[in-house]
Structure formats: C-alpha cells, structure tokens
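Survey of secondary and tertiary structure
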Amino acid sequence: MPQPASARRNRMTVALLLSVFVGMVGLSFASVPLYRLFCAATGYGGTTQRVDAPADRVADAVVTVRFDADTSPDLAWEFRPIQREIKLHPGEQREIFYRAINRSNEPITATATYNVTPAKAGIYFDKLQCFCFNEQHLAPGESQDMGVVFFVDPDILSDPGTRDVRTITLSYTMFRARGPDRPNTAAAAAPQPVKTVN
C-alpha cells in the first residue's frame, strides 16, 4: 500500500535535518585546523611563516625586531628573551634565544604559541627553526636556552600595506602541554650545555 505524500515529506525533512546536523558537527571539528591553515598561509593575526630556505637577497633598509615573552599562570616557569631587541636587514638570517627555567619541584612539558605585531607583518616574518615547533621538557630547576632562527622577508619593503613597518615585535606565550610530561629531544637549543639552577 503506497504511503501518503505527507509521510514521505516528513521522512525527507527528517533526513535533511539530520544531514544538516551532521554537516554542522563536522564543520565545527574542522574549523580549528582550517583556521590555523588560513592563518599560516596569510599571516592573519600576526601568524609567522615556517620556511625551509633562507632569503635569496638582503635589503639595505634596517628594521628593529623586539622580543617579548609571557607565561601561562598555571606554568611554574620563568620564561624570557635573552636579548630584548636587535636591528637587522630584511633578508638577513639571525638566531636569538629565549631562556626557560623550571621553578617547580616537578618535571614539566610546555609548548609555546606565538605571533608578531603589527599583525600585518606576520606574512613576512619567516622562521627556519624554532623551539615553538616542538614541546619543551624541563626537569625541576632545569634551565634551557631555546633558539629561533628567522629572517624578515625583504618583500615587506615593497608591499604597500607594510612598507612603513620598521619595528616588529615577536611574542611568545608558554603554556603547560596537554598530556603526560615527556622529554623532547628535538628542541632547538643553544650550543652551550643545559644548566641546572640551584
């Protein structure tokens, strides 16, 4: 016996609503990684770029790069840049260090988030190596100098939106990593040995 048209419409409506619901849940899970990809590709929000090769030229102009650090309230680390600022030519590769000291009586693994200001300079701030690419593990009282190898893309000088930028601030915030605390041997560290703070 054929079903009434209203019953078929009700089933189609339920199926459509269920499809919309499943699609919305799927998009909510995909939104964070898609947003991160968008920021990485465009420099949106001051997101820096990760590159594999140094710049192919060095400009005559000089820019100042300042370094800033912050630590999450639940992380018992001291975290600061060793140098507060440097001057460099766009395209010139430089390495600077941040120092982290575990002030707690337990081993802790942490990870860093980062951005630059002004945000419009993010797409031109290129990192070759960075401690922020990996989690960092410190034993109680341990200190480590962690490196960042970077350059400012010379194209920052020819982009009408950024050619006025002569000062860039690179900021990191260190957070306790999720999951079990574990050592990370891939960290970019300074050439000197790790020191223990008494």
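Residues numbered from 1 in each chain as written. Predicted model: local features only at pLDDT ≥ 70, side-chain atom pairs only at ≥ 80, totals over all residues. Heavy atoms only, no water.

**Quick notes on the overall build of the protein chain**
How we decide: Strands here are runs of E lasting at least two residues and helices are runs of H or I lasting at least four, both read from the DSSP assignment and numbered beginning at the N terminus. Working definition: with a 1.4 Å probe on protein chains only, accessible area under 20% of the residue-type maximum means buried, over 50% means exposed, and in between means partly exposed. Throughout, a residue-residue contact means that at least one pair of heavy atoms, one from each residue, lies within 4.5 Å. Surface accessibility in these figures is a Shrake-Rupley result with a 1.4 Å probe; residues are shielded only by whichever protein chains are displayed.
If you tally the helices and strands in the protein chain, you get one helix and eleven strands. Sequence-ordered secondary structure for the protein chain, helices as α and strands as β, is α-β-β-β-β-β-β-β-β-β-β-β. Here the protein chain holds 198 residues, and the buried ones make up 37% of them. If you take every contact in the protein chain between residues at least 6 apart in sequence, the share linking residues at least 24 apart comes to 78%. Roughly 11500 Å² of accessible area belongs to the protein chain as shown, and the carbon and sulfur atoms make up 57% of that amount.

**Considering the pairing of strand E3 (residues 77-81)**
Our working definition: The pairing criterion for strands is at least two bridges between them, as found by DSSP.
On E3, burial follows the alternation: Trp 77, Phe 79 and Pro 81 on one face are buried, whereas Glu 78 and Arg 80 on the facing-out side are not. Note that E3 and strand E5 (residues 94-102) share five bridges and pair antiparallel. Among the inter-strand pairings, Pro 81 is bridged to a residue of E5, identified as Tyr 98.

**Let's talk about the pattern of salt bridges**
Quick note on the threshold: One side-chain nitrogen of Lys or Arg within 4 Å of one carboxyl oxygen of Asp or Glu is enough to make a salt bridge.
Throughout the structure, instances matching the rule amount to nine salt bridges. Note that Arg 80 and Glu 78 form a salt bridge whose closest N and O atoms lie 3.1 Å from each other. In this structure, Glu 106 engages Arg 176 in a salt bridge whose closest nitrogen and oxygen atoms are separated by 3.3 Å. A residue pair is termed long-range when its members are at least 10 positions apart, and Glu 106 in the loop between E5 and strand E6 (108-117) and Arg 176 in strand E10 (residues 167-176) qualify at 70 residues. Residue Arg 176 is classed as partly exposed on the basis of its relative accessible area of 29%. One connected set of salt bridges, linked through shared partners, spans Asp 56, Arg 57 and Asp 155.

**Overview of the sheet that holds strand E2 (residues 63-71)**
Here is the rule: The angle between two axes is taken between their N-to-C directions and runs from 0 to 180 degrees, where each axis is a line fitted to C-alpha atoms and a helix contributes only its stretch in contact.
The strand order E4-E2-E10-E6-E8 describes an open sheet built from five strands, whose pairing is mixed. With partners counted over all chains shown, the strands left at the sheet margins are strand E4 (85-88) and strand E8 (136-138), one partner each. Looking at each pair of strands side by side, their axes are set apart by 30° on average, direction ignored.

**Points about the packing of aromatic side chains**
Heads up, the rule is: Whether two aromatic rings pair depends on their centres lying within 6.5 Å, for rings of Phe, Tyr and Trp, where Trp uses its six-membered ring; planes under 30 degrees apart make the pair stacked, over 60 edge-to-face, and the rest tilted.
For the structure on display, the rule yields nine aromatic pairs. Between Phe 79 and Phe 131, the ring centres sit 6.1 Å apart and the planes meet at 75°, which makes this aromatic pair edge-to-face. Placement of Phe 79 in strand E3 and of Phe 131 in the loop between strand E7 (125-130) and E8 is noted, with a sequence separation of 52 residues between them. A relative accessible area of 7% means that Phe 79 is categorised as buried. Judged by its relative accessible area of 0%, Phe 131 is buried. On the numbers, 5.0 Å between centres and 15° between planes, the contact of Phe 125 with Phe 150 is stacked. Linking Phe 125 in strand E7 with Phe 150 in strand E9 (residues 142-152), this pair joins segments that are 25 residues apart in sequence.

**What to know about the side chain of Ser 104**
Inclusion rule: Between N or O atoms, a polar contact is any pair within 3.5 Å; within protein, one atom must be a potential hydrogen donor and the other a potential acceptor, and residues adjacent in sequence are included only when both atoms are from side chains.
Residue placement: Ser 104 occurs in the loop between E5 and E6. Separated by 2.9 Å, the side chain of Ser 104 and the backbone oxygen of Glu 106 make a polar contact. In this structure Ser 104 touches Ala 76, Pro 140 and Gly 141, once residues within four positions along its chain are discounted.

**Considering the confidence of the model for the protein chain**
Quick note on the threshold: A score from 0 to 100, pLDDT tells how confident the predictor is in each residue.
Taken over all residues, the pLDDT of the protein chain has a mean of 81, while the share at 70 or more is 73%. In this model residues 30-45 is a low-confidence stretch, pLDDT under 50, and it forms 16 contacts with partners more than four residues away in sequence or in other chains. Here residues 181-198 is a poorly scored stretch, pLDDT under 50, and it has 42 contacts once near neighbours within four places are set aside; other chains count.

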